[in-house]
Amino acid sequence: MEDMIGTALGWIGTVGTLSAYILITRGTVSPTGKRYAALNMIGGTFAAAGALAFGAWPAFFSNVVWAGIGLHGLVTATRRARHERKLSLAANLLTMPTPTEFAEALLKTQPIAIMHPQAIRLPTQEELLAASRQAA
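Notes on the structure follow. All residue numbers refer to positions counted from 1 along the written sequence of the respective chain. Side-chain atom pairs in this predicted model are given and counted only at pLDDT of 80 or more, local residue features only at pLDDT of at least 70, and totals for whole chains, interfaces and linings cover all residues. Excluded from the side-chain calculation are hydrogens and water; included are all heavy atoms of the structure.

A look at the overall build of the protein
So, point 1. Secondary structure follows DSSP: runs of H or I at least 4 residues long count as helices, runs of E at least 2 residues long count as strands, and numbering of each begins at the N terminus. Tallying secondary structure elements over the protein gives five helices and zero strands in all.
So, point 2. Order of helices (α) and strands (β) in the protein, N terminus to C terminus: α-α-α-α-α.
So, point 3. Throughout, radius of gyration means the C-alpha value; the globule benchmark is 2.2 Å times the number of residues raised to the power 0.38. The C-alpha atoms of the protein give a radius of gyration of 35 Å, which is well past the 14 Å a tight globule of 136 residues would have.
So, point 4. Taken along its principal axes, the extent of the C-alpha atoms in the protein is 105 × 35 × 25 Å.
So, point 5. Burial classification: accessible surface area is computed with a 1.4 Å probe over protein chains only, and a residue below 20% of its type maximum counts as buried, one above 50% as exposed, and the rest as partly exposed. Expressed as a percentage of its 136 residues, the buried residues of the protein come to 17%.
So, point 6. Of the contacts made within the protein by residues no fewer than 6 positions apart, 61% connect residues no fewer than 24 positions apart.
So, point 7. Under the convention used here, a 1.4 Å probe and the Shrake-Rupley method define accessible areas, while residue burial counts only the protein chains that appear. When the accessible surface of the protein is split by element, carbon and sulfur atoms take 68% of a total near 10800 Å².
So, point 8. Taking the 11 positively charged and 7 negatively charged side chains of the protein as two groups, their mean positions are separated by 7 Å. Two residues qualify as a contact provided that any one of their heavy atoms is within 4.5 Å of a heavy atom in the partner residue. His residues and chain termini do not enter the charge count, which takes Lys and Arg as positive and Asp and Glu as negative. Charged groups are reduced to one reference atom each: NZ for lysine, CZ for arginine, CG for aspartic acid, CD for glutamic acid.

And the structure:
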């Protein structure tokens, strides 16, 4: 049973690392991207577990190193993406319009509905005087 698990882990790891290589040669993933690094890290880990199950020490150590390289690439890609998001946010803040520019742009694109002048009827002076007499 242990042999079967070790064999399965080894094959899964091998397929993972070979898939990463195929994806990179086809240009599907970036060599500095998270997907490539994650595939290498996971593939190396599984292949190392498979090699450990059979006591294949050279294969075990080389796959542990391969998984470590994948982990390093994943951490580096994550840090790079976070840094790029911060730079992008800073650039967006620098290019934000002033409140006046925003209002002008909004008025150009969103017309204001103006009520008909006769819709609001103000009382006449006589009506105001009559209302104040009634209140007194």
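Digging into the packing of helix α2 (residues 34-54) against helix α3 (residues 57-94)
So, point 1. An axis is simply a line fitted to the C-alpha atoms; with a helix, the fit covers only the stretch in contact. Between two such axes, the angle follows the N-to-C directions and lies from 0 to 180 degrees. It is the contact of α2 with α3, at a shortest axis distance of 7 Å, that shows an interaxial angle of 160°. Regarding the angle of α2 to α3, the classification is roughly antiparallel. For the pair α2 and α3, the sense of crossing is left-handed. Geometric relationships in this document are graded by angle, where less than 35 degrees denotes roughly parallel, more than 145 denotes roughly antiparallel, 65 to 115 denotes roughly perpendicular, and other angles denote oblique. Less than a right angle of anticlockwise turn of the near helix away from the far helix marks a crossing as left-handed, whereas a clockwise turn marks it as right-handed.

Let's talk about the side chain of N40
So, point 1. Take N40: it is sitting in helix α2.
So, point 2. The residues contacting N40, other than those within four sequence positions of it, are T17, A20, W66, A67 and G70.

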